[in-house]
Number of protein chains: 4
Amino acid sequence: MEVTNEMTCELVDHMGSDVTVVNAARRSMRVTKEEWSNAETGLVRSLIKNGHGSPFEFVTFMFDVDIPIFVAREVFRHRNSSFNEESARYKARRNKMWLPSSDEWRTQVGNAMSYEYKEWDGDKAFADTMLRNGYEDCIRVYNTLLERGVAREIARTIIPVGNYTSFLWKVDLRNLTNFLVLRNAPQAQYEIQKMAKKVEEAFQEVCPNIYSIWNEEGRPRLAAADE
Amino acid sequence: MEVTNEMTCELVDHMGSDVTVVNAARRSMRVTKEEWSNAETGLVRSLIKNGHGSPFEFVTFMFDVDIPIFVAREVFRHRNSSFNEESARYKARRNKMWLPSSDEWRTQVGNAMSYEYKEWDGDKAFADTMLRNGYEDCIRVYNTLLERGVAREIARTIIPVGNYTSFLWKVDLRNLTNFLVLRNAPQAQYEIQKMAKKVEEAFQEVCPNIYSIWNEEGRPRLAAADE
Amino acid sequence: MEVTNEMTCELVDHMGSDVTVVNAARRSMRVTKEEWSNAETGLVRSLIKNGHGSPFEFVTFMFDVDIPIFVAREVFRHRNSSFNEESARYKARRNKMWLPSSDEWRTQVGNAMSYEYKEWDGDKAFADTMLRNGYEDCIRVYNTLLERGVAREIARTIIPVGNYTSFLWKVDLRNLTNFLVLRNAPQAQYEIQKMAKKVEEAFQEVCPNIYSIWNEEGRPRLAAADE
Amino acid sequence: MEVTNEMTCELVDHMGSDVTVVNAARRSMRVTKEEWSNAETGLVRSLIKNGHGSPFEFVTFMFDVDIPIFVAREVFRHRNSSFNEESARYKARRNKMWLPSSDEWRTQVGNAMSYEYKEWDGDKAFADTMLRNGYEDCIRVYNTLLERGVAREIARTIIPVGNYTSFLWKVDLRNLTNFLVLRNAPQAQYEIQKMAKKVEEAFQEVCPNIYSIWNEEGRPRLAAADE
């Protein structure tokens, strides 16, 4: 059994860049630019301020993601995306399980809609062992059922949501920023924040100018006519 | 701990009926009918045959669903839908776990893309006990971590995907038929077939005429201009 | 030829109400309310403030709309919707044309992204006659081509975008509010504002409590996990 | 005034190729291929036959399109797409109008849902002149209103739907094939068929192997779990 607290999210392909967004926006005026110039900063700032999000849909990102099921379930809620995930019906689960590092054990304080999370001051060695052993018991049940010939689709029911799953994820820049607003945010579960930070690095790498302006403008949602 | 093999899927509200689809289709001709008549059968048959699916979007269904996580994950892949699910961050998980009935223990034969599933002829009493005990161990770890003050969002990682989750699901008739084509089908996992049969009953109840015609036409996907 | 400046948008059906949103939101806690109480105000306010838009998708509106093509084209940009429109291939166009009232003749000042519109102080009687005559000439060409046997799908190419078209529109409350943010707003074309005001009346009628709270909170976009 | 019957649809960018689809599909088995081999033919054929459409979403196309408004309105009905169009509020319309070639003048025979179109045997020279003159009259009204200071958003109402508009269109391969099923088909208006043939050329260029297999399999819709 492999235990880890890593969230893998690698950019494997992309289409478009800063200038793509500018040209999609300038299409309303029938203007095309060959490359980014400082004059574009005002345009992009204005798009972001006024909620003209549709030009941002023309930049596309494709990620290879490997995260625990409980985090993946949150990612899959972002419906304006494409996903292809490994299947527990077609392939046996990997014995890769999520385990928090010592400082990631948290406790929850406050009420619903306004929870806060603080470092847990309990017996971490005990909790760590308990969770590891729990995972190992599950894997033992899973493997035994498989060995005896039970179908993978049934045996998997004992697999905990801390088990890792991998998937390809394609998302456009407009929906990517909205993912960041929701998921690289204090109220999001820390584990999806870790993944979202990698998504954010890809944004900065592919569209450095737009990334700067979006941050200067306070990281708003980029809406579109379909919302 | 409660164990069950039930898939709950109750129709809690709906909008529209057979005649709604007819009127959406007849809008192209600027015609409105007060109620269904036999003359509509030919129109609906023609819509289905020719892949004019958009009129079917005007009938809407809302379900209250309670199914295991491993089945729910398949339902959530149907992106043209609305979902609100209970949250393991806001509320502790219920101790309700999926356990197959004796004849639901299956084995998998054949190759990927063409798997078949047959009743498993292994030691079901052994498997049943093993799965139950595995679940109970997980619940014990979960409860112990919660009692010690670990946040629900961390403790939940030991919860197996056989645990039940509940959600509201809103879907229109076009997407509902496509759900049925994929999920009330032999190649789908038996457990989602059980849920899909309840969805199908709701279809028949709300739109009995269209349901008949759709079956007579061989249950095709109902496409639309956006696909 | 009929000329008008009216934008028709009638609520013909709906599903859900204030309490539907509350119950979709409370599903995360597995709580259901029978009816709206003042205690729900704080919950809805919190959903709106924190951008938890998905519960608003469970209220659905269906409108019967009759507006000019140039306005309809803006409505059809709202992709999270269902539309069925009259077809100029299946049925000849009606001779119903948009003509501004005297105070609706506008002029455009300022630059792109920050245009303002003011009442036009030109010769309105002249402009009115010119536009009417232009429409009548188009209708004459259209009818002549049809009479001579040209297919409707070809003859229609002379029809101006001021011609009226009618369609059914189904949209959920989350997307409806986003429609209002964009279209019942000063920067939107005045004609779509007129239609949007009717959409807003339907919102107030179906969900009076949520409508009040949404206004108190400054009419923000209601985002969801898929944006 | 420029008159033409051309439908412009240029591929300006794309992401992915044949092997991208294969790797998205093989993700369910956690397998990655570096390049296309003949072994992939069976896999893709099986995906197409069994309606596993989601892997096709990972290939993305971006087109620059210039077509008449009456054709553009049909394209915009494909909601799983991104569009940015020139705006008649921001920029005056171009005097570019659609005029059929001599053999494109058609007549309509049969009934709704089963119309057929045949070459029109009327006086084409007369019809051609009538349509040209009609267009020119509209442009004259439009320009006069603009010259007198009427806002572009009002003056445009006299513009016929035969006027050209240009837009950027981003669409994935799954939705592109569904576009082709509906639009490069005998029942579609001939003018959108002309555009769809250019879309089909781009498909063949970017994914030659998948294009062949899709044709061998009878050009079915490629569905996905969200339909």
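Since we're looking at a predicted model, the values are computed, not measured. (Residues numbered from 1 in each chain as written. Chains lettered and ligands numbered in written order. Predicted model: local features only at pLDDT ≥ 70, side-chain atom pairs only at ≥ 80, totals over all residues. Heavy atoms only, no water.)

**Q** Got a minute to help me understand the overall build of chain A in this structure?
**A** If you tally the helices and strands in chain A, you get eight helices and eight strands. Dimensions of chain A, computed from C-alpha atoms along their principal axes, come out at roughly 65 × 40 × 25 Å. When each of the 227 residues of chain A is scored for burial, the buried share is 64%. For chain A, the share of sequence-separated contacts (at least 6 apart) that also reach a separation of at least 24 residues comes to 75%. Accessible area of chain A: about 8,000 Å², with a carbon and sulfur share of 43%. Charged side chains in chain A number 30 positive and 34 negative. The centres of these two groups are separated by 5 Å. (Helix = DSSP H or I, 4+ residues; strand = E, 2+ residues; numbered from the N terminus. Buried < 20%, exposed > 50% of the residue type's maximum accessible area, 1.4 Å probe, protein only. Contact = heavy atoms within 4.5 Å. Areas by Shrake-Rupley, 256 points an atom, 1.4 Å probe, with all protein chains shown as cover. Lys, Arg positive; Asp, Glu negative; His and termini not counted. Charge placed at Lys NZ, Arg CZ, Asp CG, Glu CD.)

**Q** Is there a simple way to explain unusual backbone geometry in this structure?
**A** Among all residues save glycine, negative phi is the norm, and among peptide bonds the norm is trans. Phi is positive for Arg219 of chain C, close to 55 degrees, though the residue is something other than glycine. With respect to the helices, strands and loops of the structure, Arg219 of chain C is situated in the segment after helix H8 (208-216).

**Q** Before we go on, may I ask you to explain the confidence of the model for chain A in this structure?
**A** A low pLDDT score tells you not to read the predicted coordinates there in detail. Per-residue pLDDT for chain A averages 95, and the proportion of residues at 70 or more is 98%. Reported confidence for the predicted complex is 0.95 by ipTM and 0.97 by pTM. (pLDDT = per-residue confidence, 0-100.)

**Q** What should I look at first to understand the interface of chain C and chain D in this one?
**A** As a measure of interface size, the accessible area lost when the parts come together is often cited. Between chain C and chain D, the contact holds 55 residues from the first and 55 residues from the second. Between chain C and chain D the total buried area reaches about 5,000 Å² when both faces are included, carbon and sulfur atoms providing 57% of it. When the area that chain C buries against chain D is broken down by residue, the three leading residues are Arg73, Arg89 and Thr157 of chain C, summing to 13%. Applying the counting rule to chain C against chain D returns six salt bridges. Here Arg156 of chain D ties to Glu74 of chain C by a salt bridge, and the two come within 3.8 Å at their closest N and O atoms. Inspection of the region where chain C meets chain D yields 37 residue pairs in polar contact (both at pLDDT 80 or more). Contributions of two or more residues to the side of chain C that touches chain D are made by helix H3 (69-75), strand S4 (82-85), strand S6 (106-109), helix H4 (124-147) and helix H5 (152-155) of chain C. The element best represented in the side of chain C that touches chain D is H4 of chain C, accounting for 12 residues. (Buried area = accessible area lost by both parts, 1.4 Å probe. Salt bridge = Lys/Arg side-chain N within 4 Å of Asp/Glu carboxyl O. Polar contact = N/O pair within 3.5 Å; in protein donor to acceptor, adjacent residues only side chain to side chain.)

**Q** Is there a simple way to explain the side chain of Thr165 of chain A in this structure?
**A** Checked against the element boundaries, Thr165 of chain A lands in strand S8 (residues 164-172). For Thr165 of chain A, a relative accessible area of 0% gives the class buried. Non-local contacts of Thr165 of chain A, meaning those with residues more than four positions away in its chain, are made with Val65, Asp66, Ile67, Ile69, Ala72, Glu85, Glu86, Arg93 and Arg94 of chain A together with Arg73 of chain B.

**Q** Sorry, what's going on with the sheet that holds strand S8 (residues 164-172) of chain C here?
**A** In a beta sheet, neighbouring strands are held together by backbone hydrogen bonds and run either parallel or antiparallel to one another. Residues and elements named next belong to chain C. In spatial order, the strands read S2-S3-S8-S4; together these four strands make up an open sheet with antiparallel pairing. In the strand order of this sheet, the two ends are held by strand S2 (8-15) and S4, each with one partner. Pairwise comparison of adjacent strand axes, ignoring direction, gives a mean angle of 20 degrees for this sheet. Summarising the sheet, S4 and S8 pair through four bridges and their orientation is antiparallel. Its bridge partner being in S8, Ser82 is matched across the sheet by Lys170. (Pairing = 2+ DSSP bridges. Axes fitted to C-alpha atoms, helices over the stretch in contact; angles between N-to-C directions.)

**Q** How do you make sense of the relation of the copies chain C and chain A when you look at a structure like this?
**A** The relation between the two chain copies is a rotation about an axis coupled with a shift along that axis. The two copies are related by a screw motion: chain C maps onto chain A through a turn of 180 degrees and a shift of 0.0 Å along the axis, at an RMSD of 0.0 Å. In symmetry terms, the pair is related by a two-fold rotation axis. (Least-squares fit on C-alpha atoms with pLDDT ≥ 70 in both.)

**Q** I'm lost on the sheet that holds S8 of chain A in this one. Help?
**A** All names here are of chain A. A sheet is described by the order of its strands in space; here four strands give the open sequence S2-S3-S8-S4, paired in antiparallel fashion. Here the strands that pair on one side only, and so sit at the sheet edges, are strand S2 (8-15) and strand S4 (82-85). Taking the axes of each pair of neighbouring strands and ignoring which way they run, one obtains an average angle of 20 degrees across the sheet. On the sheet, helix H6 (residues 173-183) packs against strand S3 (60-68) and S8 and is oriented at approximately 125 degrees with respect to S8.

**Q** Help me understand the interface of chain C and chain A in this model?
**A** Contacts between the two partners involve 26 residues from chain C, matched on the other side by 26 residues from chain A. Surface buried jointly by chain C and chain A totals about 2,100 Å² across both partners, of which 50% is contributed by carbon and sulfur atoms. Between the two partners, chain C and chain A, sit two salt bridges. The partner of Glu57 of chain A in a salt bridge is Arg79 of chain C, and the shortest N-O contact between them spans 2.7 Å.

**Q** Please explain empty space enclosed by the protein as it appears in this structure.
**A** To find leftover empty space, one rolls a probe the size of a water molecule over the atoms. Tallied over the entire structure, the rule returns three cavities of 30 Å³ or more. Size it by volume and the largest cavity reaches roughly 990 Å³. For the lining of the largest cavity, the secondary structure elements donating two or more residues are S8 and H6 of chain A, strand S8 (164-172) and helix H6 (173-183) of chain B, S8 and helix H6 (173-183) of chain C together with strand S8 (164-172) and helix H6 (173-183) of chain D. Along the lines of polarity and charge, the residues of the lining of the largest cavity split into four nonpolar, 18 polar and 24 charged. (1 Å grid on protein atoms, 1.4 Å probe; cavity = no way out; pocket = protein on both sides within 12 Å on 5 of 7 lines; lining within 4 Å. Points joined across faces, edges and corners; volume = space filled by probe spheres on them. Nonpolar A, V, L, I, M, F, W, Y, C, P; charged D, E, K, R; others polar.)

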